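# What the coordinates show
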Amino acid sequence: MNITFLIGNGFDLNLGLDTSYNDFLNFYLQEKSGDDEEIRGFKADIRRQHLDSATGLWANAELAFGHYTDDIAELGKKADSFSKRRNDFCRKLAVYLQEQEKRVDVHNHGQAFVDAISEFRSGLTEAQLEQVNKSLDIFEGGFNYNFIIFNYTSIIDTLINAAKQQKIQLGTREYKGTSFNNSFGKSIHVHGTTEVEMIFGVNDTSQIANMTIFEGVSPIYLDSFIKQKYNNNIGSRVDEKAFDIIKKSSFIYVYGMSIGDTDKLWWQRIVDRMKEYPYTHVFIYCYDAPKDRLLKEGRLIYEASVKERFLAFSGNTNPDLRWRIHIIDHNIFSGFSNLVNTQLDNIFGEIKARELPLIS
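Small disclaimer: the values here were computed from a predicted structure and weren't measured.

### Some points on the overall build of the protein chain
The helix and strand inventory of the protein chain stands at 15 helices and eight strands. Over its C-alpha trace the protein chain gives a radius of gyration of 22 Å, about what one expects of a compact globule, namely 21 Å for 360 residues. C-alpha extents for the protein chain along the principal axes are approximately 70 × 50 × 50 Å. Sorting the 360 residues of the protein chain into buried and exposed places 51% on the buried side. Taking the contacts inside the protein chain whose residues are at least 6 apart along the sequence as the reference set, 79% of them involve residues at least 24 apart. Per element, the accessible surface of the protein chain, about 17,000 Å² overall, is 48% carbon and sulfur.

Printed below as a string of structure tokens:
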């Protein structure tokens, strides 16, 4: 049976890396090599918009770029100018994340990684565990672990390769008197990596504030800003392959991802899978879930709101789906928390020494 992990930037943050957009913005706004007048103006816009925004507009840079199309239109510019600014942002982001990745060495953590993914049922209540195990009884065979990766680093790939090279066993599953070996399945970077086919954009045109900048220019400009279209245009069929994994998954575990608008397509696809196959369960790790052990009302309200948001992306409020969504606050990757190696952590030393609190 297929168990699929959706891995977001929260995985890298859990490692202790400074990979949030806020972290990157501090670097980006100070890095001035090669900046022309247009890029300097763009950075001034980011600084002004982010600091003036009560919600920190650029904390979600993909949505922020969608809003920024309004600024481009007000400047009397078109999609080529927008693309230049976005491409500069993405190129610098790739370099920044590559350097962040150097701060950790996970080659010796293959066994810990296998142990972690094997604990995908940890943190469930007694009632939830009973529901999950009933569905498990439907499936024959061992666990096949797949990974759909939404961040840009290659750390998950390194961990999988380390486990394979060290010939670490993923254990077995007993089913009706027969023992089946667990295995690694597929691993796909749905948005590319810091080295190849990096995809940075919005879910659809509803997240673009001003479509006029794309009028009268090559449609590639617009298509390159919409994730699914850009994926299709690249031709590597990554989107199609990842979607195929979802359609064949029995358990789907979401780790380190906010249930946000820019990945709306994937939440819709997961809900569709749940509707089509009544034994599909979704586990959503929420690090900030209330942990009050005395009064559970706050926790129940929190869980209901997360489920409501998740299902809202597909417009489906079927009660049958709700009980198959499990909100988890147990961090199965807690053993990977703060793995930054101080001997490797000399990245951006000069920048940190002169860093100003540009973004709070």
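After that view of the structure, there is still more to cover.
### Quick look at the sheet that holds strand 7 (residues 281–285)
Pairing is parallel in the open sheet, where six strands are placed in the order 5-2-1-6-7-8. Each end of this open sheet is capped by a strand with a single partner; those strands are strand 5 (183–189) and strand 8 (325–328). This sheet shows a mean twist of 15 degrees between the axes of neighbouring strands, independent of strand direction. Pairing between strand 1 (residues 2–7) and strand 6 (residues 249–255): six bridges, direction parallel. The residue bridging Asn-2 from the neighbouring strand is Ser-249, located in strand 6. Packed on one face of the sheet, helix 8 (residues 155–165) meets strand 1, strand 2 (144–149) and strand 5 and runs near 155 degrees to strand 5.

### Here's the deal with the pairing of strand 1
In terms of burial, strand 1 is largely enclosed, as six of its six residues are buried. The alternating pattern of strand 1 places Asn-2, Thr-4 and Leu-6 and Ile-3, Phe-5 and Ile-7 on opposite faces, both of which are buried.

### Focus on the nonpolar core
In terms of nonpolar packing, the biggest core is built from 39 residues, with Phe-5, Phe-113, Tyr-145, Phe-147, Phe-184 and Phe-333 touching the most fellow members. The set of elements that each furnish at least two residues to this core consists of strand 1, helix 1 (10–15), helix 6 (110–117), helix 7 (126–136), strand 2, helix 8, strand 6 and strand 7. Sequence-distant contacts of Phe-113, defined by excluding residues within four places in its chain, comprise Phe-147, Ile-156, Leu-159, Ile-160, Phe-184, Phe-333 and Phe-336. Residues Tyr-21, Phe-42, Ile-213 and Phe-225 belong to the second largest nonpolar core, which totals 33 residues.

### Considerations on the pattern of salt bridges
All told, the structure shown has 23 salt bridges when counted by the stated rule. Between Glu-38 and Lys-84 there is a salt bridge whose closest N-O contact spans 3.4 Å. In this pair, Glu-38 is assigned in helix 3 (residues 37–52) and Lys-84 in helix 5 (residues 79–101), connecting sequence segments 46 residues apart. A relative accessible area of 34% places Lys-84 in the partly exposed class. In this structure, Arg-309 and Asp-261 form a salt bridge, with 3.7 Å as the shortest nitrogen-oxygen distance.

### A look at the pairing of strand 3 (residues 172–175)
Burial of the side chains of strand 3 is restricted to one face: Arg-173 and Tyr-175 are buried, whereas none of Thr-172 and Glu-174 on the reverse face is. The loop that links strand 3 with its antiparallel partner strand 4 (residues 178–181) comprises two residues; one of these, Lys-176, has a positive phi angle of about 50 degrees.

### What about the side chain of His-189?
Mapped onto the secondary structure, His-189 falls in strand 5. Judged by relative accessible area, which is 13%, His-189 ranks as buried.

### Points about the packing of aromatic side chains
A complete count under the given rule lists 42 aromatic pairs for this structure. Ring geometry for Phe-11 against Phe-336: centres 6.3 Å apart, planes inclined by 45 degrees, an arrangement best described as tilted. One end of the pair, Phe-11, is in helix 1; the other, Phe-336, is in the loop between strand 8 and helix 15 (349–353), and 325 residues separate them in sequence. The exposure classification of Phe-11 matches that of Phe-336, with both residues buried. On the numbers, 6.1 Å between centres and 45 degrees between planes, the contact of Trp-58 with Phe-89 is tilted. Note that Trp-58 is positioned in the loop between helix 3 and helix 4 (61–74) and Phe-89 in helix 5, a separation of 31 residues in sequence. On the accessibility criterion, Trp-58 (0% relative accessible area) is buried. Of the residues examined, Phe-89 reaches a relative accessible area of 0% and is grouped as buried. The ring of Phe-243 is capped by Lys-247, whose NZ or CZ atom sits 4.6 Å from the centre of that ring. Looking at Arg-269, its charged tip hangs above the ring of Trp-266, at a distance of 4.6 Å from the centre.

### Details of unusual backbone geometry
Not every positive phi belongs to a glycine, and Lys-176 is a case in point at roughly 50 degrees. Within the secondary structure layout, Lys-176 lies in the loop between strand 3 and strand 4. Even without being glycine, Arg-237 reaches a positive phi, approximately 60 degrees.

### What about the packing of helix 2 (residues 21–28) against helix 5?
For any two helices packed against each other, the geometry comes down to the angle between their axes and how far apart the axes lie. Put simply, helix 2 and helix 5 touch, their axes get as near as 10 Å, and they point 105 degrees apart. With respect to helix 5, the element helix 2 is oriented roughly perpendicular. Two secondary-structure elements touch here, helix 2 through Tyr-21, Asp-23, Phe-24, Leu-25, Phe-27 and Tyr-28 and helix 5 through Arg-85, Asp-88, Phe-89, Lys-92, Leu-93 and Tyr-96. By residue class, the composition of the contact of helix 2 with helix 5 is eight nonpolar, no polar and four charged.

Rules of the game
- Residues numbered from 1 in each chain as written.
- Predicted model: local features only at pLDDT ≥ 70, side-chain atom pairs only at ≥ 80, totals over all residues.
- Heavy atoms only, no water.
- Helix = DSSP H or I, 4+ residues; strand = E, 2+ residues; numbered from the N terminus.
- Rg over C-alpha atoms; globule rule 2.2 N^0.38 Å.
- Buried < 20%, exposed > 50% of the residue type's maximum accessible area, 1.4 Å probe, protein only.
- Contact = heavy atoms within 4.5 Å.
- Areas by Shrake-Rupley, 256 points an atom, 1.4 Å probe, with all protein chains shown as cover.
- Pairing = 2+ DSSP bridges.
- Axes fitted to C-alpha atoms, helices over the stretch in contact; angles between N-to-C directions.
- Core = buried A, V, L, I, M, F, W, Y, C linked by side-chain atoms within 4.5 Å.
- Salt bridge = Lys/Arg side-chain N within 4 Å of Asp/Glu carboxyl O.
- Phe/Tyr/Trp six-rings, centres within 6.5 Å; stacked < 30°, edge-to-face > 60°.
- Lys NZ or Arg CZ within 6 Å of the ring centre and 35° of its normal.
- Parallel < 35°, antiparallel > 145°, perpendicular 65-115°, else oblique.
- Nonpolar A, V, L, I, M, F, W, Y, C, P; charged D, E, K, R; others polar.

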